[in-house]
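# Per-entry structural report
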Amino acid sequence: MSEIKAETLTQVLSKILGTKIICADFQTKPLHGGTLGDVQLVTGYAETADGGKLPYTIVSKTQKKWERFSDPDSWRREYDFYKSDFGALLSESFRWPECYHAEMNEEENETQIWMEYIDGISGLDLTGDMYERAAEELGRFQGKVYAEQPAFLQNLTNLSKVEYMKNFYLHYRSWKRVYDYIRSDDCEIPKHLCKMLIDIDESADEIFNRIEKLPIVLCHRDFWVANLFYSDGKTILIDWDTAGWGYLGEDLASLIADEADIEHMVEYYRRCIPAYYKGFSESADISHITDNCVYEMILLMFGYRLVEWYMNAGSGDKLQETDNQRTLHIHTLQKIYEMRNDQ
């Protein structure tokens, strides 16, 4: 666990509480966080200069340097975003946690961000209406940025690249363990699902030609239910460390397919795409786009990952757990297969 420095804590609390804090006690509790991030919920009482005591709740996120495949500087991206004017692009109804303090330790290659604690509905507790609302707000945000092309964004050098999704897919496809498995006689994944993945491989060049005609937008790139919070009618999005340039609909593919609500995947696919386009079209004319490629993006981004998760599921004396996990991944692939009828 990262050290909580009393001096930094009192400085941050003085800013949040709007009065001079002379000291504060604290308790910490680990939270779900970004990749290799140490995220702590910090709570306690702060003592004011006039002897008063005020309760507080805040999040401390410490990120050490590490290298993500084809995106080496992602470890410091959230820090870079918070230090920029990026927050001005967000809105009251689609926002990120407010940052109270951000610092970089160059010697340790480590960032620390003190931010607002978000308490809301998240993960598999999100309802269909919340999915649809998140999709529309995402479209509205991306449409606004696409139309305005703010100059400071062009000057932000630490954004993931447009080719990130393509490189990610090609990386998986070149991995013989998963590539050969779906083509082998020993494969236990139903044949029609293997064929769905093989067909995508065979059509990949043509699919990417279509995707590359779509508008390039600012993507979150980790837009899944664990990073989404719904609170008081607002959509709040955490963990911006993979954000960068991508294609229209890329984040929507994650919302629908990344460890999502399997029973409602096809329904959410039907509901979220029109909502997303509705939001985007408030700022930019996309009436000429007749092929959104979201189905193909889902397969390119999650097809081989689901195969990998299936192959890695459980082991040894946890046979029931293994079977449950494998069934889950097969069920997800089956729901993606069923989406083809909605093309």
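What you see is a predicted model, and the numbers here were worked out from it, not measured in a lab.

Here helix 3 (residues 128–148) crosses helix 9 (residues 265–280) at 30°, and the two axes come no closer than 7 Å. On the basis of their axis angle, the class for helix 3 and helix 9 is roughly parallel. With respect to the hand of their crossing, helix 3 and helix 9 are arranged in right-handed fashion. Contact residues: helix 3 offers Gly-128, Asp-129, Tyr-131, Glu-132, Ala-135, Glu-136, Leu-138, Gly-139, Arg-140, Gln-142, Gly-143 and Tyr-146, while helix 9 offers Tyr-268, Arg-271, Cys-272, Ala-275, Tyr-276, Lys-278, Gly-279 and Phe-280.

Strands belonging to one sheet form pairs held by backbone hydrogen bonds; the direction of such a pair is parallel or antiparallel. Taken in spatial order, the 4 strands make up an open sheet running 5-11-10-8, and their pairing is mixed. Unpaired on one side and paired on the other, strand 5 (94–95) and strand 8 (121–122) mark the two borders of the sheet. Pairing between strand 5 and strand 11 (residues 234–237): 2 bridges, direction parallel. Bridging across to strand 11, Arg-95 finds its partner in Ile-236.

Here the focus is unusual backbone geometry. Phi at Ser-70 takes a positive value of approximately 60°, unusual for a residue other than glycine. Locating Ser-70 in the fold gives a position in the loop between strand 4 (53–64) and helix 2 (77–83). Residue Ser-70 is classed as partly exposed on the basis of its relative accessible area, which comes to 37%. Phi angles above zero are rare outside glycine, and Asp-239 is one such case at about 60°. Considering the arrangement of structural elements, one finds Asp-239 in the loop between strand 11 and strand 12 (244–247).

All right, on to the nonpolar core then. Membership of the largest hydrophobic core comes to 102 residues, with the highest contact counts inside it found for Phe-86, Leu-153, Ile-189, Ile-211, Leu-252, Met-297 and Ile-298. Among the elements that take part in this core, helix 10 (residues 294–312) stands out by supplying 13 residues, more than any other. Counting contributing residues per domain, this core is built from domain 1 (6–116) and domain 2 (121–342), each supplying no fewer than three. If near-sequence neighbours (up to four positions away) are discounted, Ile-298 is found in contact with Ala-253, Ile-256, Ala-257, Tyr-269, Gly-303, Ile-336 and Met-339. If you look at the next biggest cluster of nonpolar residues, it comprises 11 residues, including Leu-9, Tyr-56, Ile-58 and Tyr-100.

Cut-offs and rules
Residues numbered from 1 in each chain as written. Predicted model: local features only at pLDDT ≥ 70, side-chain atom pairs only at ≥ 80, totals over all residues. Heavy atoms only, no water. Axes fitted to C-alpha atoms, helices over the stretch in contact; angles between N-to-C directions. Helix = DSSP H or I, 4+ residues; strand = E, 2+ residues; numbered from the N terminus. Parallel < 35°, antiparallel > 145°, perpendicular 65-115°, else oblique. Left-handed = near helix turned anticlockwise from the far one by under 90°. Contact = heavy atoms within 4.5 Å. Pairing = 2+ DSSP bridges. Buried < 20%, exposed > 50% of the residue type's maximum accessible area, 1.4 Å probe, protein only. Core = buried A, V, L, I, M, F, W, Y, C linked by side-chain atoms within 4.5 Å. Domains from an automatic or database assignment.

By themselves these figures say nothing about function.
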